[in-house]
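# Descriptive structure summary
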Number of protein chains: 2
Amino acid sequence: MGVMSEKLAPLTLCLILLTSHCDGGNILVYPVDGSHWVNMKILLVELKERGHNLTVIRSSNSWYIPEKSSLYTPVTLQMDDNMEDFFGVYLEEHMRAQREGASMLTFLKLTKHFLSMIGQAHQMWADTLIEMIENQSLMQSLRDSKYDLVLTDPAMAPGVLLAKYLNLPLVLNVRWIPSGEGHFVIAPSPLSYIPVPGSGLTDKMSFIQRVKNILFYGIILYQNRFMVGPSYEGFCSKYVDGGCDVNSLLQEADIWLFRSDFVFEFPRPTMPNVVYIGGFQCKPAQPLPADLEEFVQSAGEHGIIIMTLGTLVDALPREVADEIASAFARMPQKIIWRHKGDRPSTLGNNTLLVEWMPQKDLLGHPQTKVFVAHGGTNGVQEAIYHGVPVLGIPLFFDQFDNLLRLQERGAGKILPLVDVNSHTIEQGLKELLHQDSYRQKIKQMSSLHRDQPMAPMDQAVFWVEYVMRHKGAPHLRTEAYKLPWYSYYCLDVVAFLLTVALLLIFTFVALLWRLCCRTKRTKKNKQN
Amino acid sequence: MGVMSEKLAPLTLCLILLTSHCDGGNILVYPVDGSHWVNMKILLVELKERGHNLTVIRSSNSWYIPEKSSLYTPVTLQMDDNMEDFFGVYLEEHMRAQREGASMLTFLKLTKHFLSMIGQAHQMWADTLIEMIENQSLMQSLRDSKYDLVLTDPAMAPGVLLAKYLNLPLVLNVRWIPSGEGHFVIAPSPLSYIPVPGSGLTDKMSFIQRVKNILFYGIILYQNRFMVGPSYEGFCSKYVDGGCDVNSLLQEADIWLFRSDFVFEFPRPTMPNVVYIGGFQCKPAQPLPADLEEFVQSAGEHGIIIMTLGTLVDALPREVADEIASAFARMPQKIIWRHKGDRPSTLGNNTLLVEWMPQKDLLGHPQTKVFVAHGGTNGVQEAIYHGVPVLGIPLFFDQFDNLLRLQERGAGKILPLVDVNSHTIEQGLKELLHQDSYRQKIKQMSSLHRDQPMAPMDQAVFWVEYVMRHKGAPHLRTEAYKLPWYSYYCLDVVAFLLTVALLLIFTFVALLWRLCCRTKRTKKNKQN
């Protein structure tokens, strides 16, 4: 690992000097690679169009973030480890275990593996950040560029730490934080009705489910304490007066652009500096390429089904793909399937395999009846936006939880990987096609989602520029974060009041006792 | 007390039939009289302009709400008691006690008096509501009119109860609820940094202040349990299956249009169905009448000071008015004073007494340097909007708390009634005029307040219409309200987990003990 090649620093500096006279602002972006970048890029395009200058910090072996781009000036950090390889093996193992319906013990082992992997990833990023900070010419050029703010996706923490180090306002484009879900760090989150991510629970929990929820919260605390915390201790003790931790730095963020909303998410307490931009990436459908449109129209009144399992999965296990293909072959619909592996042997004539598909344009096509998906946030948000019911096959991460939010509203159905076979797929598809409630419910979600005072993307841009205009938004942050936990919960006050009450009671009883004894003694004396 | 005159019912019905074909919605409004109505009316004017039909429930002896209006169809409820008389005596007594710097005991007595008065007012409204419901022809006409929603100010509860009875969606135009502040009923409100209204505390509290805050919360609970609750028990037990209480009905509201925002209010946890419309009534200043403009311009570079103590106070104690007048007389500024009582003997030539003044146009006038005010919400919001520092003389209700929010931000200064004399007034005015920070701070608040993605009034209208379009907004309400308190705080789960842990420890210790004893016994046996 190393830092930005020396050649790039002057280029950055040059661009900064060129742009400092623009009307637009100057934004330092520290994104997360992979599907997270897809989201960030959409926001960056919009900010660029509004005349802002963007500098993007990327790793030399970036998965998705190119070095050359008309959108931004890159700052490239030398990194050797590849995040894709990093997760690849785990994901395949996890998928196999799910498929086999493996034991609880296997899943615990996999979770441990996952957590330690997460810990390694954080360590890698923390080390890179420290190397970056030690590169004085780079840091000087960053300082000289007088950024208005840092915009980061805090799924990885270095952007948050860098903002602190450079003493810049901080805007988060966020769905996840290093230790789970951001609301838990900034807003009161009673575990009685707020499900912990990964628990597979909803906001309506039985007693046993609440026990489960609390135990899952224990995993989050463990992850925070032992997997995330130690990675950044080096930075915090060396570069921040009085130390820090990731959560306390997150609490200092000016604005949280949260990639969610309360059509999708269960309602819960929130904070004044949280702006919900769920579905901000969604746009009306564009016409399909002629050949695809022809295929779609050839489905006639039956319409089409589309299927994709996202960017992370190269190939489904062969026998799973065969089962799905044979179910598809029995449907009267036409199917468009984004499929990467070998051609399934059971593939029907009605199924078109594609390497890539214009997902949003297909979801917005009136012929599309069902979306078979893995439940990534982007896909689920697009399904809501376009109002297409989802048959979900969750694979990992937040996918089960995402799909659960559709299923809970009657707008989708989850089919666990272990249960996938040609029969269950066919049944599931028929249910979603013929039970009208699914379509009604997702249409209702779509109408609620689209009915906002301001488009989510406009909100996002507004609040980024707001932070520029006012050099932060500290008036939206509560005093809660400065209190020690016992003061936050008023335990010290309660202890004090209880002590006072006990003292009063004790004094009262003692007085009564004395009075009583004296009366008795007086009586005795009199009797004597 | 009685209900709507029989003549009015057919009129209402008629209007309803006429309007049911309109594009606009049909809104049943249950306002609160007095200064609350001023706010509600501004929203109603906007809703009327958007083509909605309004029916307003008013009392026959209404203070502010006329029977004849082109804005709405009235439903008049016969009431004998006059709210103005009701509060008048108390207010004068309270003002006198403050002026005299009376003892804590006097204030406790006054608080008791106030609470019992509040209790009486609620009882009066609850009785009126029941009489209204018992009037079957009126209720039938209300049902036939197929209202889209009830819009009410929940400072008094009957509108909330009526919405429940008619099974209509509910939108609140709210600053206060019967038991204090609405956030305490719907959102987590840690008392460690959220000051209870009336406590005179900010969001930064010392240990002793937190003790005070909790004790004040005790007053709120007392008020809710003994003053508000009993008033509505009759309604709840008779007309709501399974009973109800005001707070649980408030939790069922679809949208809270909150007359506050986080430029004014200390930041705190909020909920997805709360929309902040603080300052929604504020508008740019219009030109002044010619004679007033001439007076204002005659002040030259010194500018003017304006003073008003709101609508509730007919006259200040004579000696207070004299002190203020003589302070004003010594200022180089010109003064416009909205004053009702006798002409103060010490009045200077620079002071213009008026019965009424165009407050917002004066606040928005560049000549206005300081606003001397009692700290009512409307006045404070207008001062923020126009960026004029406030010298506050709080009299009662929320006025001290309102002014405290300005003082805490360095944008105003509080002068308690007991301290008011010509010297302190002069000192206070000079401080606000010559220390530039006051003006800077209120200008900063003004710029933050005006910098919103959407004007607060447009937000208010949007969300009223949103509730119409979607027939409520239940997806924004949390599950929290359905949980018993011990489940909400997970106390049952914690007790369960502790029991399990103790049992495990006990079993472990018992096993260890047994093992230990057996080993010893075996040894002994061996030794024997």
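Residues numbered from 1 in each chain as written. Chains lettered and ligands numbered in written order. Predicted model: local features only at pLDDT ≥ 70, side-chain atom pairs only at ≥ 80, totals over all residues. Heavy atoms only, no water.

Moving on, we get to the packing of helix α6 (residues 158–166) of chain B against helix α8 (residues 207–239) of chain B. All names here are of chain B. Between α6 and α8, the least distance of the axes is 12 Å, while the angle of their chain directions is 5 degrees. One way to sum up the angle between α6 and α8 is to call them roughly parallel. Contact residues: α6 offers Pro 158, Leu 161 and Tyr 165, while α8 offers Tyr 232, Phe 235 and Tyr 239. (Axes fitted to C-alpha atoms, helices over the stretch in contact; angles between N-to-C directions. Helix = DSSP H or I, 4+ residues; strand = E, 2+ residues; numbered from the N terminus. Parallel < 35°, antiparallel > 145°, perpendicular 65-115°, else oblique. Contact = heavy atoms within 4.5 Å.)

To continue, consider the packing of helix α13 (residues 377–386) of chain A against helix α16 (residues 436–450) of chain A. Residue and element names in this part refer to chain A. Here α13 crosses α16 at 95 degrees, and the two axes come no closer than 6 Å. When the axis of α13 is compared with that of α16, the two are roughly perpendicular. Where α13 abuts α16, its residues Gln 381, Ala 383, Ile 384, Tyr 385 and His 386 lie against Ile 442, Lys 443, Met 445, Ser 446, His 449 and Arg 450. Across the contact of α13 with α16, the residue classes break down as five nonpolar, four polar and two charged. (Nonpolar A, V, L, I, M, F, W, Y, C, P; charged D, E, K, R; others polar.)

Residues and elements named next belong to chain A. Reading across from one edge, β10-β9-β8-β11-β12-β13 is the order of the six strands in this open sheet, with parallel pairing throughout. The open sheet has two free edges, formed respectively by β10 (351–354) and β13 (412–414), since each of these has just one partner strand. On average, each strand axis in the sheet is inclined to that of its neighbour by 15 degrees, with strand direction left out of account. Note that strand β11 (residues 368–373) and strand β12 (residues 390–392) share three bridges and pair parallel. The residue of β12 that forms the bridge with Phe 371 is Val 390. Strands in contact with helix α11 (residues 318–329) are β8 (304–308), β9 (334–338), β10 and β11; relative to β9, the strand with the most contacts, it is inclined by about 160 degrees. Strands in contact with helix α14 (residues 399–408) are β11, β12 and β13; relative to β13, the strand with the most contacts, it is inclined by about 135 degrees. (Pairing = 2+ DSSP bridges.)

Glancing now at the UniProt feature "transmembrane region" (unreviewed entry) in chain A. Under the UniProt annotation, the feature "transmembrane region" (unreviewed entry) is placed at residues 493–516 of chain A. Helix makes up 100% of residues 493–516 of chain A and strand 0%, and the two end C-alpha atoms of the span are 34 Å apart. (UniProt positions renumbered as here; feature names shortened; annotations may be inferred.)

With that out of the way, let us pick up the relation of the copies chain B and chain A. Screw-axis analysis of chain B against chain A gives a translation of 0.0 Å along the axis, an RMSD of 0.1 Å, and a rotation angle of 180 degrees. The two molecules are tied by a two-fold rotation axis, judged by turn and shift. Every residue of chain B has its C-alpha some distance from the rotation axis, and the shortest such distance is that of Thr 270 of chain B, at 2.7 Å. An overlap of 100% is found between the interface residues of chain B and their copies at the interface of chain A, pointing to a shared contact surface. (Least-squares fit on C-alpha atoms with pLDDT ≥ 70 in both.)

Domain assignment breaks chain A into domain 1 (8–280 + 455–482), domain 2 (290–450) and domain 3 (490–514). For domain 1 of chain A versus domain 3 of chain A, the distance between C-alpha centres works out to 49 Å. (Domains from an automatic or database assignment.)

Let us look at the nonpolar core. Within the largest apolar cluster, 125 residues are counted, with the highest numbers of intra-cluster contacts made by Trp 256 and Ile 336 of chain A together with Leu 44, Leu 151 and Leu 257 of chain B. Setting aside residues up to four positions removed in sequence, Leu 257 of chain B forms contacts with Leu 43, Val 171, Leu 172, Asn 173, Val 174, Val 275, Ile 277, Ala 460, Trp 463 and Val 464 of chain B. If you look at the next biggest cluster of nonpolar residues, it comprises 124 residues, including Val 464 and Leu 476 of chain A together with Ala 299 and Leu 448 of chain B. (Core = buried A, V, L, I, M, F, W, Y, C linked by side-chain atoms within 4.5 Å. Buried < 20%, exposed > 50% of the residue type's maximum accessible area, 1.4 Å probe, protein only.)

All names here are of chain B. Side chains Ile 255 and Leu 257 of strand β6 (residues 255–258) all project onto a buried face; the interleaved residues Trp 256 and Phe 258 project onto the opposite face, where all are buried too. Pairing analysis gives four bridges linking strand β5 (residues 170–174) to β6, with the strands arranged parallel. Counterpart to Val 171 in the pairing with β6 is Ile 255. Both β6 and strand β7 (residues 274–276) contribute to a ladder of three bridges, which runs parallel. Looking at β7, one finds that Leu 257 is bridged to Val 275.

With that settled, consider the state of the cysteines. Cysteine pairs can be covalently joined through their sulfur atoms, and such a bond is termed a disulfide. All chains considered together, the criterion is met by two disulfides over all chains. Covalently, Cys 236 of chain A is tied to Cys 244 of chain A through a disulfide, its sulfur atoms 2.0 Å apart. Disulfide Cys 236 of chain A-Cys 244 of chain A: torsion about the S-S bond near -75 degrees, hence left-handed. Residues Cys 236 of chain A and Cys 244 of chain A agree in their burial class; the two are buried. Left unpaired, Cys 490 of chain A is separated from the closest cysteine sulfur, that of Cys 490 of chain B, by 20 Å. Residue classification places Cys 490 of chain A among the buried residues on the basis of a relative accessible area of 5%. (Disulfide = S-S within 2.5 Å.)

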